[in-house]
Amino acid sequence: MKTASITKWLEYTFRSVTLLGLLTLSLYAQAANDPNAQCQRCHNDSDIHAVTSGNAGAKLLITDESYQDSVHASVPCVACHQSVNGNAGFEALPHVQTTVASNSCESCHGLVQHKITDAYKKSVHATKSEQGKFTCESCHDAHTMQPGIITQPTVPQIAASNAMCTDCHTRPTEYKALSGGKKVTEQDLTHRSLPNPPLHLSSLRCIDCHADSKDPTLHNIAPAKESVACNQCHTAESLLAQRQNFTPTEQNLAGSLLKQGLFDDKALQDKLNALGGIPAERGIQWVNGNLFTNTYMIGANGNIRLDKAISAIAAALFLLLAGHGLIRLLTARKRRLLSNGMSLHKTYLYTLPVRLWHGLNALCFILLLISGIGMHFSQGELSVWVDLHNLVGLALCFIWLVFIVINLLGNGHHYLIRIQGLLGKILRQTRYYLYGIFVGAEHPEHPSAKSKFNSLQQLGYVTMMYLVVPLLIITGLLMLYSNYTPAILFGLPGKQVIVYTHYGLAAISLLFLMVHLYLCTTGDSLTALFKGMISGYHRYRGKSDDE
C-alpha cells in the first residue's frame, strides 16, 4: 500500500513539474513575441512605486490595456527608453536612462510629422517657457495617448484634453515657473465673456479656441488675446467643424441622398451597415451644411436652401406691399375728395395696460428679429447678439404672461372668433384691401368697444399670440436649456427639430411684422393708427356702427 502511494505521489509530482515546464516555456515564448513583456512585469503591477524621493510623483503604472489601446502599442519600450552604458540594464533600480536627443519625441515626429513640431516651436508653450521646462510630455502621455483624440473627439476625450490644460494652469507653482512669473489668478479660467460658458467648456477642447486659427495641427497655442474669435466658428465655414472633423468626409457622405425619395431607404441603410464603419442611421446627413450629429451651432450649420427660400418670400412680400402702397399713393387725391363729406369719429379703444404691453411686445419682437438675424448669419459681435437675444427672449416670456393676464381681466373678448358669418366678413374685408381701399370705399368693419379687430386681423392676432408666440417661447427655452430637449422628436434628431421649428416660427413672425406695420399705414393718414396706439383713441372718417 505504501509503495502504491509513493508511486502515485511521484506520478503527480512528475505531472506538475511537466505542466510547470510547459507553462514556463509558454511564458518565454510569449515574452519573445512581446518585446515589452519584461518591462510590463513591473509597470503593469498596481503596487509599483518609486524607490527614490525624486521620482515620487512619476507615473509608473502603465497597464497592458491602456498601452495596447494607445497610438504607440506597436512600439517597443526600448525604442524610447535606453539605459546608459555600464548600467546593469533596467534590472537596476532606479533606472538610469540616456538623455540623448535620439530618445525624444521629436526624433520620430520631427521627421514623420514635422508640421506638429514646427507648430509647437511657434506656440507660447515653446516661446514663453524656459528651455526644457515644457516638453511634449507636459501634455501628452506617450504610453496612453489614443488615436482620434485630435479629430472627432468624444465627450470623455474632450474632458481629458481639457484636464491636461487645467492641471497645469491651476497649479500656482508650476504655472508661475512655466509662464515666466505670472499668477494663476490673472487668468479667466471660467471664461465669463463667453455666452453660456458651461456649454462651451463641456463641448470644446481648450485647443479648439486657443490654437492659432491657421494651424491644422492644433499645437501652435496662441496668446490668450489672439484666441479664435466667435465668428471664426459660428459661420458657414466653421473653423470648429474643420477642427473636430465634423465636415463631411468621403466615408461619411454615404447615405447622404437618402430621404429624398430616390431609393428604398431601409434596404440601402442595411447594405451600408453591412460594410462596417459608422452606422447608416448616424452617418446619414443633409449635405446642405448641417452637422451630421444631433447638434446645432449658431451660424454654422443652418440650411442655406431654407434661408434662400425665406429671403425670397420676404422679398416677394415686400414688393407686393410696396406695389399696394404705390397704388394707394396714386389714388390718394381721389380718396381725400370722397372723405371730405364724412364726419370724423373718435373712439377710446386702447387702455393704458394694453398700450404698454403692445409697446413692450413690439420692442421685443424687433430686437429678437434683429439679434436673431445677427446670430444666424454671424454678423458683428456674436456674443453681444447672443446675450441680447437670450435676455429679450426671457423678457418676452414675462410679457406674454402679462398679455394673458390682461385678456383674463377683460380684454380677451376681442380675441374670441365668432364662426357665424365669419366667411362673409373675411371675403368683404379681403375685397376692401384688394380694391375698396383704392377707391375710397368705407371700411366694412370699423373698430368699436365690442370688437376692435376686423375678421382678418382677429384671425392673424389669435394665430400669433395663442399659437406662434407660445411655440416660439417653448422652442427658444429648449434651445437655451438644451439638456431638456428630447434626443428624438417625431423620429428625427430632437435638437434639430426644435431649432428648425424655432427658425420657421421666427420667419412667420418676420412676415407678420411686415404686414402688420404696413397695415398700420392704412388709416386716414399714414400715422393715424400709430398715434391711436399712443393716445388710446382710434380715429376714422365715415359712419359709425351706431348710425
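Residues numbered from 1 in each chain as written. Predicted model: local features only at pLDDT ≥ 70, side-chain atom pairs only at ≥ 80, totals over all residues. Heavy atoms only, no water.

Draft legend 1. Molecular detail of the overall build of the chain. Secondary structure assignment for the chain yields 22 helices and four strands. Counting only residues that meet the buried cut, the chain has 30% of its 547 residues in that class. Within the chain, contacts between residues separated by at least 24 positions form 64% of all contacts whose residues are at least 6 apart in sequence. Put simply, the chain shows about 34,400 Å² of open surface, and 65% of that area lies on carbon and sulfur atoms. (Helix = DSSP H or I, 4+ residues; strand = E, 2+ residues; numbered from the N terminus. Buried < 20%, exposed > 50% of the residue type's maximum accessible area, 1.4 Å probe, protein only. Contact = heavy atoms within 4.5 Å. Areas by Shrake-Rupley, 256 points an atom, 1.4 Å probe, with all protein chains shown as cover.)

Draft legend 2. Spotlight on helix α7 (residues 155–169). Between its first and last C-alpha atoms α7 spans 21 Å; for 15 residues at 1.5 Å apiece the expected length is 21 Å, and the two agree. Of the surrounding secondary structure, the elements contacted by the buried residues of α7 are α8 (172–178), α9 (197–203) and α10 (206–210). (Expected span 1.5 Å × (residues − 1).)

Draft legend 3. Unusual backbone geometry, seen in detail. Phi angles above zero are rare outside glycine, and S378 is one such case at about 50°. Looking at the element boundaries, S378 is found in the loop between α17 (352–376) and α18 (382–411). Despite not being glycine, F490 has its phi angle at roughly 55°, a positive value. Tracing the chain through its elements places F490 in the loop between β2 (488–489) and β3 (492–493).

Draft legend 4. The arrangement of the packing of aromatic side chains in detail. If you walk through the whole model with that rule in mind, you get nine aromatic pairs. Put simply, the rings of W357, F403, Y415, F453, Y461, Y466 and F512 pair up and form one aromatic cluster. Lying over the aromatic face of Y537, K346 brings its terminal NZ or CZ to 4.4 Å of the ring centre. (Phe/Tyr/Trp six-rings, centres within 6.5 Å; stacked < 30°, edge-to-face > 60°. Lys NZ or Arg CZ within 6 Å of the ring centre and 35° of its normal.)

Draft legend 5. Representation of a negative patch on the surface in the model. Residues D34, D64, E65 and D69 make up a contiguous surface patch of negative charge. Structurally, D34 can be placed in the loop between α1 (2–33) and α2 (37–43). (Patch = residues over 30% accessible without salt bridge, like charges linked within 9 Å, V, L, I, M, F, W, Y side chains within 5 Å. Salt bridge = Lys/Arg side-chain N within 4 Å of Asp/Glu carboxyl O. Lys, Arg positive; Asp, Glu negative; His and termini not counted. Charge placed at Lys NZ, Arg CZ, Asp CG, Glu CD.)

Draft legend 6. Region of interest: the environment of S123. Along the chain, S123 turns up in the loop between α5 (114–122) and α6 (124–127). Classification of S123 by relative accessible area gives buried; the value is 0%. On a C-alpha basis, the gap between S123 and P223 in space is 8.2 Å, while along the polypeptide they are 100 residues apart. In contact with S123, other than residues within four places in its own chain, are H219, N220 and I221.

Draft legend 7. Region of interest: the packing of α17 against α18. At a closest axis distance of 8 Å, the pairing of α17 and α18 adopts a crossing angle of 155°. Accordingly, the angle class assigned to the pair α17 and α18 is roughly antiparallel. By crossing handedness, the relation of α17 to α18 is classed as left-handed. Of the residues assigned to the contact of α17 with α18, the class counts are 20 nonpolar, seven polar and no charged. (Axes fitted to C-alpha atoms, helices over the stretch in contact; angles between N-to-C directions. Parallel < 35°, antiparallel > 145°, perpendicular 65-115°, else oblique. Left-handed = near helix turned anticlockwise from the far one by under 90°. Nonpolar A, V, L, I, M, F, W, Y, C, P; charged D, E, K, R; others polar.)

Draft legend 8. The pattern of salt bridges, seen in detail. This structure, assessed with the given rule, holds three salt bridges. A salt bridge links D167 to R171; the shortest N-O distance between them is 3.0 Å. Residue D167 is classed as partly exposed on the basis of its relative accessible area of 37%. Here R205 makes a salt bridge to D208, at a shortest N to O gap of 2.7 Å.

Draft legend 9. Spotlight on the environment of V96. Note that V96 resides in the loop between α3 (64–68) and α4 (106–112). Spatially, the C-alpha atom of V96 lies 5.7 Å from that of S83, the residues being 13 residues apart in sequence.

Draft legend 10. Spotlight on a nonpolar patch on the surface. Residues L394, L477, Y481 and Y484 make up a contiguous nonpolar surface patch of about 430 Å² in total accessible area. Among the structural elements, Y484 can be located in the loop between α20 (455–480) and β2. Note on Y484: relative accessible area 67%, which makes it exposed.

Draft legend 11. Quick look at the environment of L329. With respect to the helices and strands, L329 occurs in helix α15 (residues 304–330). Here the alpha-carbon distance between L329 and F438, two residues 109 residues apart in the chain, equals 8.9 Å.

Draft legend 12. Local environment of the pairing of strand β4 (residues 537–541). Of the two faces of β4, the one lined by H538 and Y540 is fully buried and the one lined by Y537, R539 and R541 carries no buried residue. Of the pairings in the sheet, the one linking strand β1 (residues 344–348) to β4 comprises five bridges and is antiparallel in character. The residue of β4 that forms the bridge with T347 is H538. (Pairing = 2+ DSSP bridges.)

Draft legend 13. Representation of the side chain of H219 in the model. Mapped onto the secondary structure, H219 falls in the loop between α10 and α11 (230–233). Accessibility expressed as a relative area gives 19% for H219, which makes it buried. Sequence-distant contacts of H219, that is, excluding residues within four places in its chain, are made with I116, A119, Y120, S123 and H140.

Draft legend 14. Spotlight on the confidence of the model for the chain. The share of residues in the chain with pLDDT of 70 or more is 78%, and the mean pLDDT across the chain is 79. For the chain, per-element mean pLDDT is lowest for helix α14 (residues 280–283), which scores 44, and highest for α20, which scores 95. Within the model, pLDDT remains below 50 along residues 246–254, and this stretch shows 18 contacts once partners closer than five positions in the same chain are excluded. (pLDDT = per-residue confidence, 0-100.)

Draft legend 15. Molecular detail of the packing of α15 against helix α21 (residues 494–519). Where α15 meets α21, the axes come as close as 10 Å, and the angle between the chain directions of the two elements is 10°. Judged on the interaxial angle alone, α21 and α15 are roughly parallel. Taken together, the residues of α21 that come into contact with α15 (itself represented by L306, D307, I310, I313, A314, L317, F318, L321, H324, G325 and R328) are Y500, Y503, A507, L511, M514, V515 and Y518. The class makeup of the residues in the contact of α15 with α21 is 14 nonpolar, two polar and two charged.

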